[in-house]
Amino acid sequence: DKNLVLRIFNKYFLYGDKNFILNLPVKKSNLPHSNQTVFVKLPGWAKDLGTGSSSSILVPKHCVVENDDWKNVDWWRAIFEMITCKSEYEYEKTNGPIHSYAYKLPKSFNTQFKFAWANRIILFLRRWASFIQNISEEKLFGAKPKGKIYLTHDVDYISKTFALRFKRSVFIVFNILRSLFKFKISLAVKDFFKLGNFFFTSKQYWCFDTISNLEKKYQMTSFWNFYGGENSKKTFTELIFDPSYDVNDKNLSNQIRKLTADGHTIGLHQAFNSWKDKTPMEIEKKNVEKSLGEKIKVCRQHWLRFSLTHTWKAQEQTGFELDTTLGFNEIPGFRNSAALKMPAWIVSEKRFSDTLNVLPMILMDSHIFDYKQLKKSDREKIIDEILDEIQFVRGEATVVWHQRVFDNDYNWGNEYQYLLKGIQVRGLQ
């Protein structure tokens, strides 16, 4: 439905007659779905909207009607299937949910996550209509929208528990072995001492004011997602993977209310196993609301545990209005090939939600620390590339930095400040 897609991307067409877009001579493809993608070279008048030396845009292969010429692409179908994660859903039907680990998907999927392709296609359609009418885009549809990065913090631990010691130590040991395999002996030795220091010391991760004050310096606020699960009768898996604090602890409750008073937004960080059933979500939501003293409307699934088939439907039934789960655990990027606030796609009922919206998560602290052994300059380069794409497509997305990583156990705060500076310089506030 072209009108439906256009409504989702409405901010790109705030003025003018939308029929200029709807009446573009876009070919229609009825080819069966496949997991393959192809690059389509753009015409000279739109070459700035593509990527690579040939200035191309990625589309699902079955959206190309005849050859790879841009005039033979079903651009509407390409947008719809990308933003609704059609290829991942087809994979999930056969193999089960990937729970936000990109490596579980076929490698052929990876190019879909590099850029906000759907946004670039919309910019191309806008340019195409302008070219046909021989009128500037701004006169035809108004100025391009302003991009925005939403800051978020998932509160997994406020103290160093045994579960955290165990999980973090596994990461460090893995990095030690990886360094030894690459003959990076000095890095392995450094991580070895880091391992001992982390495992045998005790810490409180009460970094709330540190982060809040830093964001205030840049005139920004953020979403803070807190765990609201029960701590009794946990399974072994839940003991290892779930947070263990009590959200209604008096000190924590006071801190949560202080964050709200400072302009921040409080949300739920669902338990490890609360990804497909509204019943535990409702209990956890009420616990956080009790601590805050008011209703909450936003959430992100803990460990990014997520299923296209179940999660958004359960969140919708629970009464959430915004989810920020859609991203990957181990890599930055655009899971639905878009940087866009859009209605959740309730795939089991083939409809967009009327009440629940989605903002993708495109960058997480662990992407550039735990999962990659990078120099500071390389970490900053990844941050710049992500922000540049959001700025270029005028998109919207979230980033997450866990509050505990501002402690010297991690020392990941400098890159967060670099991120804030990058957001400010690009006008993405």
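Bear in mind the structure is a predicted one, so any value in this text is a computation, not a measurement.

Focus on the nonpolar core
Part 1 of the reasoning: Membership of the largest hydrophobic core comes to 117 residues, with the highest contact counts inside it found for Trp75 and Phe226.
Part 2 of the reasoning: Excluding anything up to four places from it in sequence, Phe226 contacts Val155, Phe208, Tyr245, Val247, Leu252, Ile256, Leu259, Ile266, Gly267, Leu268, His269 and Val288.
Part 3 of the reasoning: Counting residues in each nonpolar core, the second largest holds 7 residues, with Ile98, Ala102, Leu105 and Phe109 among its members.

Side note on the side chain of Asn336
Part 1 of the reasoning: Its location among the elements puts Asn336 in the loop between β7 (322-323) and β8 (342-346).
Part 2 of the reasoning: Here the side chain of Asn336 touches Ile83 through a polar contact of 3.3 Å, landing on its backbone oxygen.
Part 3 of the reasoning: Ignoring any residue separated from it by four or fewer positions in sequence, one finds Asn336 in contact with Met82, Ile83, Cys85, Leu326, Met342 and Pro360.

A closer look at unusual backbone geometry
Part 1 of the reasoning: The backbone of Trp303 sits at a positive phi, close to 65°, despite the residue not being glycine.
Part 2 of the reasoning: By the element assignment, Trp303 lies in the loop between β6 (298-301) and α13 (311-318).

Thoughts on the packing of helix α12 (residues 278-292) against α13
Part 1 of the reasoning: One way to put it is that α12 packs onto α13 with a least axis distance of 9 Å and a crossing angle of 50°. In terms of their interaxial angle, α12 and α13 are classed as oblique. In this structure, the crossing between α12 and α13 has a hand that is right-handed. Contacts between α12 and α13 involve Lys278, Met281, Glu282 and Lys285 on the former and, on the latter, Thr311, Ala314, Gln315, Gln317 and Thr318.
Part 2 of the reasoning: Residue classes in the contact of α12 with α13 are distributed as 2 nonpolar, 4 polar and 3 charged.

Some words on the packing of helix α9 (residues 208-217) against helix α11 (residues 250-261)
Part 1 of the reasoning: With their axes 11 Å apart at the nearest point, α9 and α11 run at an angle of 5° to one another. One element, α9, and the other, α11, form an angle in the roughly parallel class. Counting all contacts with α9, which are made through Phe208, Asp209 and Ser212, the residues of α11 involved are Leu252, Gln255, Lys258 and Leu259.
Part 2 of the reasoning: Here the residues of the contact of α9 with α11 are counted per class, giving 3 nonpolar, 2 polar and 2 charged.

Calculation notes
- Residues numbered from 1 in each chain as written.
- Predicted model: local features only at pLDDT ≥ 70, side-chain atom pairs only at ≥ 80, totals over all residues.
- Heavy atoms only, no water.
- Core = buried A, V, L, I, M, F, W, Y, C linked by side-chain atoms within 4.5 Å.
- Buried < 20%, exposed > 50% of the residue type's maximum accessible area, 1.4 Å probe, protein only.
- Contact = heavy atoms within 4.5 Å.
- Helix = DSSP H or I, 4+ residues; strand = E, 2+ residues; numbered from the N terminus.
- Polar contact = N/O pair within 3.5 Å; in protein donor to acceptor, adjacent residues only side chain to side chain.
- Axes fitted to C-alpha atoms, helices over the stretch in contact; angles between N-to-C directions.
- Parallel < 35°, antiparallel > 145°, perpendicular 65-115°, else oblique.
- Left-handed = near helix turned anticlockwise from the far one by under 90°.
- Nonpolar A, V, L, I, M, F, W, Y, C, P; charged D, E, K, R; others polar.

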